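# Descriptive analysis of the structure
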Amino acid sequence: MSAEPHPHTPANAAEGAAVVTEPGTGFHPHLHGADAPAGTALRARLHHIRAGELDDGTAQTGGMRRFAAISGRTVGSEKLWMGQTHVAPSTASSDHHHGESETAIHVVSGHPEFVFVDDSSGTLEEIRLRTGPGDYIFVPPFVPHREENPDPDEEAVVVIARSTQEAIVVNLPGLYALGD
């Protein structure tokens, strides 16, 4: 059984050989040449961010450490932020939200808990989501929450993806505001 060539590989390309095209003739001609939009040089290639190269120069919340992997600053992304968050043993983050950003969380290790206030029934109720490796959490925009790691020995590590270019963190005095 012979393998079919990839549909985007030129018919005259030798197996394993690099395919070189002239600028402006590939799949994204708008990324090449003098008329290319500013900043497209970073966006015209793939980026490999190694585990030891994460950027700790990001918005922080007490009780956790955030590290950017994919951001406008690291790779020129325009609509996405992705990185890791580490929560030390027996630690809770400050209460916070992420502004207009949607946030997706994947638990890598540990058993972090995510706490928020639900008022959908008309009564304020604190909800605690207990997670483990392989679980996912979705945090809608502007929803106050905090992360906790109740384990006294093991750090919790999660991978975070956000719908904004940079990590937005708005620290709050509590999970909800008390009415007058």
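Bear in mind that the values here come from a model prediction, so they are computed numbers and not experimental data.

## Structural notes on the pattern of salt bridges
Within this structure, the stated rule accounts for 8 salt bridges. Note that Asp95 is salt-bridged to Arg146, the shortest N-O span being 3.1 Å. One end of the pair, Asp95, is in the loop between strand E3 (91–92) and strand E4 (96–97); the other, Arg146, is in strand E9 (residues 146–149), with 51 residues separating them in the sequence. Look at Arg146 and you get buried, because its relative accessible area is 14%. Between Glu148 and Arg146 there is a salt bridge, with its nearest N and O atoms 2.6 Å apart.

## A closer look at the environment of Phe116
Checked against the element boundaries, Phe116 lands in strand E6 (residues 113–118). Taking relative accessible area as the criterion, Phe116 reaches 25% and is therefore assigned partly exposed. On a C-alpha basis, the gap between Phe116 and Tyr176 in space is 8.7 Å, while along the polypeptide they are 60 residues apart. Excluding anything up to four places from it in sequence, Phe116 contacts Glu125, Glu126, Ile127, Leu129, Pro144, His145 and Leu175.

## Some thoughts on the sheet that holds strand E1 (residues 64–70)
Ordered by their spatial adjacency, 5 strands build an open sheet running E1-E2-E10-E5-E8, and the pairing between neighbours is antiparallel. One side of each edge strand has no neighbouring strand; the edge strands of this open sheet are E1 and strand E8 (136–139). Here the strands of the sheet are splayed against their neighbours by 25° on average, with no regard to which way each runs. Inspection of the sheet shows strand E2 (residues 81–87) paired to strand E10 (residues 156–162) by 7 bridges, in the antiparallel sense. Across the sheet, Val87 pairs through a bridge with Ala156, a residue of E10.

## Some thoughts on the environment of Val143
Its location among the elements puts Val143 in the loop between E8 and E9. Looking at Val143, the relative accessible area reads 27%, which means it is partly exposed. Residues Val143 and Leu175, spaced 32 residues apart in sequence, show a C-alpha to C-alpha distance of 8.8 Å. In this structure Val143 touches His96 and His97, once residues within four positions along its chain are discounted.

Quick notes on the rules
Residues numbered from 1 in each chain as written. Predicted model: local features only at pLDDT ≥ 70, side-chain atom pairs only at ≥ 80, totals over all residues. Heavy atoms only, no water. Salt bridge = Lys/Arg side-chain N within 4 Å of Asp/Glu carboxyl O. Helix = DSSP H or I, 4+ residues; strand = E, 2+ residues; numbered from the N terminus. Buried < 20%, exposed > 50% of the residue type's maximum accessible area, 1.4 Å probe, protein only. Contact = heavy atoms within 4.5 Å. Pairing = 2+ DSSP bridges. Axes fitted to C-alpha atoms, helices over the stretch in contact; angles between N-to-C directions.

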